[in-house]
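Close look at the chain arrangement
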Amino acid sequence: MFRRILVANRGEIAIRIIRACKELDIESVAVYSTADSNSMHKELADKSICIGPPIVNKSYLNISNIIGAAEVTNCDAIHPGYGFLSENPKLVEKCKETDIVFIGPPVNSINLAGNKSEAIKVMRKNKIPVIPGSIGNVTNIREALKVCKRIGYPVILKASFGGGGKGMRICNSKKELRDYLPIAISESRSAFGTEEVYLEKYIPKPRHIEFQIVADNYGNIRCLGERECSIQRRHQKLIEEAPANNLSDRTRKQMAAMAIRAAESINYKNVGTIEFLVDQEENFYFIEMNTRIQVEHPVTEMVTGMDLVKEQIKMAAGEKINNNLKNYKINGKAIEFRINAEDPDNNFSPCPGRITDYFIPGGPGVRIDTYIHSNFNISPFYDSLLAKLIIWGNDRKEAIARSKRALEEFKVEGIKTTIPFHKKILDNKNFLLGNIHTHFIEEELGV
Ligand code: ADP
């Protein structure tokens, strides 16, 4: 087992990883930028080291600084969390060169999943259902028009190296395709550094359902059930649930089998997520693979009783897959609410600032993963995620009742948050019935 792990992240996920290290009796080293010198992850780790100024390119995204920090503190492994460098093949290669274990999959899995149109090609070859679309990228309008003639409108243009809900454009007609293709290509170039874009049939009102994969270094791969992430705003997840709502057992089993096949087909290791869209007839299609721990991993933990971060660490250290994973049962219902420092009444604009006071809910079935503390200054430099409120109930009805009362209890003073918006969602009849899809928020709440 590792002796000391460098946690190459900040915020709630850094604390989540530090907690897992403590429970495994492994020392943790936090890295922080000068904007985070008053941060909780720095306090909770056994050691901490400053890696640069607030701007991410000079600190949390600076590979030499991260590797240097691991070397001077004698760490034998690096956990990247999510975001930042978690899916950056260069960090994995640098780790290899310096004899530090990267807690995550091998570099070729990261490379493949990072190129979404290539990943789709591989899945298609392995008979995993994918959305009708271009085979690989489209580089010019002639090619794009030909694909759309075959699949019909509407279509969606997507950046092959896109992520975080960015780099997508819906085209309802030939004209829109002509207008948007050059824009999509130039957006991809400036946001992701490549001009590679691909086309998919646009599915009306799909559901986003993803499967958790756990794979050790010896070829054992398990699927730990699914999460429904259909409550999104601008393609970004806001609320996630496990298990999914209104999904037949037959489809659930087929999807889990396909998720395992997808992971097997690329010889996947460590934890990962296979994302699917499900249409209104319950046809499902692979859209992408995430090669890291997800923001929403706690809902899976709450219904399976597993600790995914500890499993990540143990498997990276060479342990075989946890035996309990073979016979796990899904117990009850878990829902996660992303509490962001954003103003829902002002187009969800980020609201950095000082937290003057706060109260965190508790009681049965309530888990909070956060890094906030009173008098903490939420920095404008980083992601607006403040806290994850994760609720467990014996069934969805109980989970929703608990969610309502926990959101009532939750107080954050000094800045605006998405708490009032979540309360509105919980008052919506269709949400209560589990009738949700990726356009739920715009259709039901008009934003
Ligand atoms: P990212 O990596 O940026 O998160 P994804 O490919 O995972 O991008 O897609 C994010 C979201 O965008 C999906 O959950 C869904 O809401 C929407 N989306 C993506 N592809 C399609 C499609 N072909 N049809 C309809 N919606 C789509």
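Residues numbered from 1 in each chain as written. Predicted model: local features only at pLDDT ≥ 70, side-chain atom pairs only at ≥ 80, totals over all residues. Heavy atoms only, no water.

Notes on the packing of aromatic side chains
- Applying the stated criterion across every chain, the model contains 8 aromatic pairs.
- For the ring pair tyrosine 60 and tyrosine 382, a centre distance of 5.5 Å and an interplane angle of 85° mean the geometry is edge-to-face. Residue tyrosine 60 is located in the loop between β3 (47-52) and α3 (63-72), and its partner tyrosine 382 is located in the loop between β20 (377-378) and β21 (385-393); the two are separated by 322 residues in the primary sequence. Judged on exposure class, the residue tyrosine 60 and its partner tyrosine 382 are both buried.
- Members of the aromatic cluster, joined through ring pairs, are Tyr60, Phe84, Phe381 and Tyr382.
- Between the NZ or CZ atom of lysine 42 and the centre of the ring of tyrosine 32, over which it lies, the distance is 4.8 Å.
- Here arginine 396 stacks its cationic end above the ring of phenylalanine 431, 4.7 Å away from the centre of that ring. (Phe/Tyr/Trp six-rings, centres within 6.5 Å; stacked < 30°, edge-to-face > 60°. Helix = DSSP H or I, 4+ residues; strand = E, 2+ residues; numbered from the N terminus. Buried < 20%, exposed > 50% of the residue type's maximum accessible area, 1.4 Å probe, protein only. Lys NZ or Arg CZ within 6 Å of the ring centre and 35° of its normal.)

A closer look at the domain arrangement of the protein
- With domains assigned, the protein is organised as domain 1 (4-103), domain 2 (132-201) and domain 3 (207-445).
- With centres defined by C-alpha atoms, the gap from domain 2 to domain 3 works out at 28 Å.
- Of the residues lining the interface, 6 residues belong to domain 2; the matching set on domain 3 comes to 5 residues.
- Across the contact surface, domain 2 and domain 3 share 0 salt bridges.
- For the pair domain 2 and domain 3, the number of links is 1 residue pair in polar contact (both at pLDDT 80 or more).
- Considering only residue class, the side of domain 2 that touches domain 3 consists of 2 nonpolar, 2 polar and 2 charged. (Domains from an automatic or database assignment. Contact = heavy atoms within 4.5 Å. Salt bridge = Lys/Arg side-chain N within 4 Å of Asp/Glu carboxyl O. Polar contact = N/O pair within 3.5 Å; in protein donor to acceptor, adjacent residues only side chain to side chain. Nonpolar A, V, L, I, M, F, W, Y, C, P; charged D, E, K, R; others polar.)

Things to note about the environment of valine 138
- Mapped onto the secondary structure, valine 138 falls in the loop between α6 (116-125) and α7 (141-151).
- Counting along the chain gives 58 residues from valine 138 to glutamate 196, while the straight-line C-alpha distance between them is 7.4 Å.
- Once residues within four sequence positions are removed from consideration, valine 138 is found in contact with Glu143, Ala144, Val147, Leu181, Val197, Tyr198 and Leu199.

Structural notes on the site of the ligand
- Taken together, 22 residues surround the ligand, and among them Lys158, Gly165, His208, Gln232 and Glu288 come closest.
- Measuring from an oxygen atom of the ligand, one finds a side-chain N or O atom of glutamate 275 at 3.0 Å.
- In isolation the ligand exposes 550 Å². Once the protein is present, 95% of that is buried.
- Listing elements by their share of the shell around the ligand, those giving two or more residues are β6 (155-159), β8 (197-201), β12 (270-278) and β13 (284-290).
- The residue inventory of the shell around the ligand, partitioned by class, reads 8 nonpolar, 7 polar and 7 charged.
- For the shell around the ligand, the two domains that each supply at least three residues are domain 2 (132-201) and domain 3 (207-445). (Near = heavy atom within 4 Å. Areas by Shrake-Rupley, 256 points an atom, 1.4 Å probe, with all protein chains shown as cover.)

Details of the layout of surface pockets
- If you add up the space inside the second largest pocket, you get close to 320 Å³.
- Forming the walls of the second largest pocket are 16 residues, and the residues nearest its centre are Val92, Phe102, Gly104, Pro105 and Pro106.
- For the lining of the second largest pocket, the element with the highest residue contribution is helix α4 (residues 89-97), accounting for 3 residues.
- Looking at the lining of the second largest pocket, its residues break down into 11 nonpolar, 3 polar and 2 charged.
- Two domains each put at least three residues into the lining of the second largest pocket: domain 1 (4-103) and domain 3 (207-445). (1 Å grid on protein atoms, 1.4 Å probe; cavity = no way out; pocket = protein on both sides within 12 Å on 5 of 7 lines; lining within 4 Å. Points joined across faces, edges and corners; volume = space filled by probe spheres on them.)

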